[in-house]
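Listed below, chain by chain, are the residues.
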Amino acid sequence: MSEPAVVARLARELTAGLKAGDLEDFYRDLHRHPELAFREHRTSARLAGRLRGAGFEVTEGVGRTGVVGVLANGDGPVVWLRGDMDALPVREATGLDHASTVDGVMHACGHDLHVTWLVGAAETLAAARETWSGTLVVVGQPAEEDGGGAGTMVADGIHERFPRPDVLFGQHVTPGLAGFCPHTPGLMMSASDDIDVVVHGVGGHGSRPEATVDPVVTAAYVVTRLQSVIAREVAAKESAVLTVGQFHSGTRHNIIPAEARLALNLRTQSPQVRERLLAAVRRVVEAECGAAGCPVPPEVTVMPGCPSTVNDTALDQEIAAVHRELLGAHAVPDFGPVMGSEDFSRLAPPGVPYDYWFVTATPADVWEAAPGEDLAEKLDHVPANHSPLFAPDLSVLVPGVRTLVSAALSQLT
Ligand code: ZN
Ligand code: ZN
């Protein structure tokens with residue numbers, strides 16, 4: 001481990017010759033050709049090609065469409081740099097020259113930028129291998145958006161087939177005036193669980209409700225009652241979100257249907273709160289169905305999504321110090337944990353430290369034009385991840401490479 005200032009200076013020197021135009025072309029090509037989760041064939045081939053060209057030993061098809069590149073460069077720690085590759089079912093509305101050419105699919109979360117950063121960092125570190133020692137592993141992960149990709153790579157033996165990490169790094173583009181690199185030690189992203197609920201009533205004619213058990217009304221009570229769970233069962237100092245994202249029932253005006261289906265999403269920041277809220281959801285659903293006289297108990301199915309992301313505190317502080325030297329102290333704020341979720345932490349074997357941070361990328365003119373006095377107000381008025389208008393500023397291409405390169409160099413002695 002070297003002094004943050006020394007690491008930052010070396011990262012700046014090594015990336016001084018980076019061809020921004022080449023990275024921009026690579027990025028625009030990925031942006032024009034977005035691919036949904038587990039269909040990242042073209043994207044992973046592009047990444048694999050660049051890694052091979054830089055001298056990495058490359059394996060494709062890891063966890064279906066994932067890519068792993070290994071550069072063994074003498075004794076020292078094993079550092080993993082991870083980027084996700086999948087796009088979203090969003091119809092792009094940016095009007096950019098390099099907008100998506102695939103109808104209804106868009107890189108609306110910036111994973112094309114993540115892949116480009118990986119390429120820039122991998123090529124920089126490979127070209128400068130005389131300056132460091134250890135093993136660099138570059139991971140192109142599929143299917144972050146549906147929460148399955150990291151787990152699929154682990155199930156496919158990524159920890160056994162490739163050098164096991166001593167440390168892992170990842171970064172995500174996020175709204176905010178371009179050029180900042182927010183870091184949060186400890187808990188930084190929430191756990192996310194999807195929950196399916198099926199309410200079984202008794203169907204019948206719309207004119208004779210007395211002969212039915214109406215699942216629409218019952219499910220409506222469930223939805224309403226669930227709104228008080230966070231308000232009344234979670235301590236004020238804790239954070240959690242419970243959203244009913246889908247409510248499906250019925251076929252026409254004069255039929256009382258036999259069942260109603262709800263789809264819930266739960267975000268929590270501690271295992272205790274998660275368990276308590278999952279129990280509360282079950283309790284509310286079962287009690288409302290009991291109150292309505294449903295003939296069959298409801299079904300509540302929990303589909304565990306992403307675990308929480310908990311940065312190693314010492315490691316995060318070390319990398320944040322390097323990034324402060326790199327970008328200036330003002331550019332590395334700590335906004336605390338967010339309710340967003342990631343499956344990045346699944347790639348870390350138990351007990352292995354990792355660090356994950358954000359890179360802000362809202363173009364300066366868009367940020368200035370956004371109404372609001374402070375950061376929080378402006379954030380509500382600029383296109384965010386998953387928006388059809390999400391358009392990161394390409395000025396962050398090289399800085400994003402530098403943050404990855406400097407983090408890797410801080411560990412690669
Ligand atoms: Zn996303
Ligand atoms: Zn994302």
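Below, the structure is looked at part by part. One numbering rule holds for all chains: residues counted from 1, following each sequence as written. Chains and ligands are labelled by the order in which they are written, letters from A for the one and numbers from 1 for the other. Only residues with pLDDT of at least 70 get local features here, since the model is predicted, and only at 80 or more are side-chain atom pairs given and counted; chain-wide, interface and lining totals rely on the full set of residues. Just so you know, side-chain values use all the structure's heavy atoms and leave hydrogens and water out.

### Some words on the coordination of the zinc ion (ligand 1)
No. 1: Here a donor is any nitrogen, oxygen or sulfur atom (N, O, S) within 2.8 Å of the metal, with 3.2 Å used for Na, K and Ca; water is not among the atoms considered, so some sites may look incomplete. The coordination sphere of the zinc ion (ligand 1) contains the protein donors Cys 109 (SG), Glu 145 (OE), Glu 145 (OE) and His 386 (NE2), at a distance range of 2.0 to 2.7 Å.
No. 2: By the criteria applied here, four donors are tetrahedral when all angles lie between 85 and 135 degrees, four are square planar and six octahedral when opposite donors are over 155 degrees apart and every other angle lies between 65 and 115, and any other arrangement is irregular. What the four donor atoms of the zinc ion (ligand 1) show is an angle range of 53 to 148 degrees at the metal, which sorts the shape as irregular.
No. 3: Mapped onto the sequence, the residues coordinating the zinc ion (ligand 1) show the spacing C-x35-E-x240-H.
No. 4: The buried label goes to any residue with under 20% of its type's maximum accessible area, the exposed label to any with over 50%, and the partly exposed label to all in between, with areas taken from a 1.4 Å probe on protein chains only. The buried category is assigned to Cys 109, whose relative accessible area is 7%.

### Structural notes on the packing of helix α2 (residues 20–32) against helix α4 (residues 111–127)
No. 1: Angles run from 0 to 180 degrees between N-to-C directions of axes, and those axes are lines fitted to C-alpha atoms, restricted for helices to the stretch in contact. Each helix corresponds to a stretch of at least 4 residues labelled H or I by DSSP, and each strand to a stretch of at least 2 residues labelled E; elements are numbered beginning at the N terminus. Where α2 contacts α4, the two axes come as close as 9 Å, and the packing angle between them is 145 degrees. Here α2 runs over α4; the crossing is right-handed. From α2, Leu 23, Phe 26, Tyr 27, Leu 30 and His 31 reach across to α4, where they touch Asp 112, Leu 113, Val 115, Thr 116, Val 119 and Gly 120.
No. 2: The residue makeup of the contact of α2 with α4, split by class, is seven nonpolar, three polar and one charged. Each crossing is labelled by how the near helix is turned from the far one, with a counterclockwise turn of less than a right angle marking it left-handed and a clockwise turn marking it right-handed. Residues are treated as being in contact if the distance between any of their heavy atoms lies within 4.5 Å. Each residue is assigned to one of three groups, with Ala, Val, Leu, Ile, Met, Phe, Trp, Tyr, Cys and Pro labelled nonpolar, Asp, Glu, Lys and Arg labelled charged, and all others, Gly among them, labelled polar.

### Overview of the sheet that holds strand β3 (residues 78–84)
No. 1: Two strands make a pair as long as DSSP finds a minimum of two bridges between them. Sheet architecture is open: six strands sit in the order β1-β2-β4-β3-β5-β14, paired in mixed fashion. One side of each edge strand has no neighbouring strand; the edge strands of this open sheet are β1 (57–62) and β14 (354–362). For this sheet, the mean angle separating the axes of adjacent strands, direction not counted, is 20 degrees.
No. 2: Pairing between β3 and strand β5 (residues 167–177): four bridges, direction parallel. Bridge pairing in β5 places Leu 81 opposite Phe 169.
No. 3: Sheet strands in contact with helix α9 (residues 313–327) are β5 and β14, and its direction is about 40 degrees off that of β14.
No. 4: Most of the contacts of helix α12 (residues 397–411) go to β5, to which it runs at about 155 degrees, and overall it touches β3, β5 and β14.

### So, the sheet that holds strand β9 (residues 240–249)
No. 1: The sheet built from four strands is open, its strands ordered β9-β11-β7-β12 with antiparallel pairing. The open sheet has two free edges, formed respectively by β9 and β12 (299–304), since each of these has just one partner strand. Recorded for the sheet is a direction-independent mean angle of 20 degrees between the axes of neighbouring strands.
No. 2: Across the sheet, helix α7 (residues 215–233) is in contact with β7 (191–200), β9 and β11 (259–268); its angle to β9 comes to roughly 170 degrees.
No. 3: Contacts from helix α8 (residues 271–292) reach β7, β9, β11 and β12 within the one sheet, and its direction differs from that of β11 by about 160 degrees.

### Digging into α12
No. 1: The span one expects for a helix is its residue count, reduced by one, times 1.5 Å. Compared with an ideal rise of 1.5 Å per residue, which puts 15 residues at 21 Å, α12 spans 22 Å between its outermost C-alpha atoms and is within 8% of the ideal.
No. 2: In terms of residue burial, α12 counts as a mostly covered element, since 13 of its 15 residues are buried.

### Brief notes about the state of the cysteines
No. 1: Note on terminology: disulfide denotes any pair of cysteine sulfur atoms within 2.5 Å. Using the criterion set out here, one finds zero disulfides in the structure.
No. 2: Left without a disulfide partner, Cys 294 is nearest to the cysteine sulfur of Cys 289, which lies 4.1 Å away.

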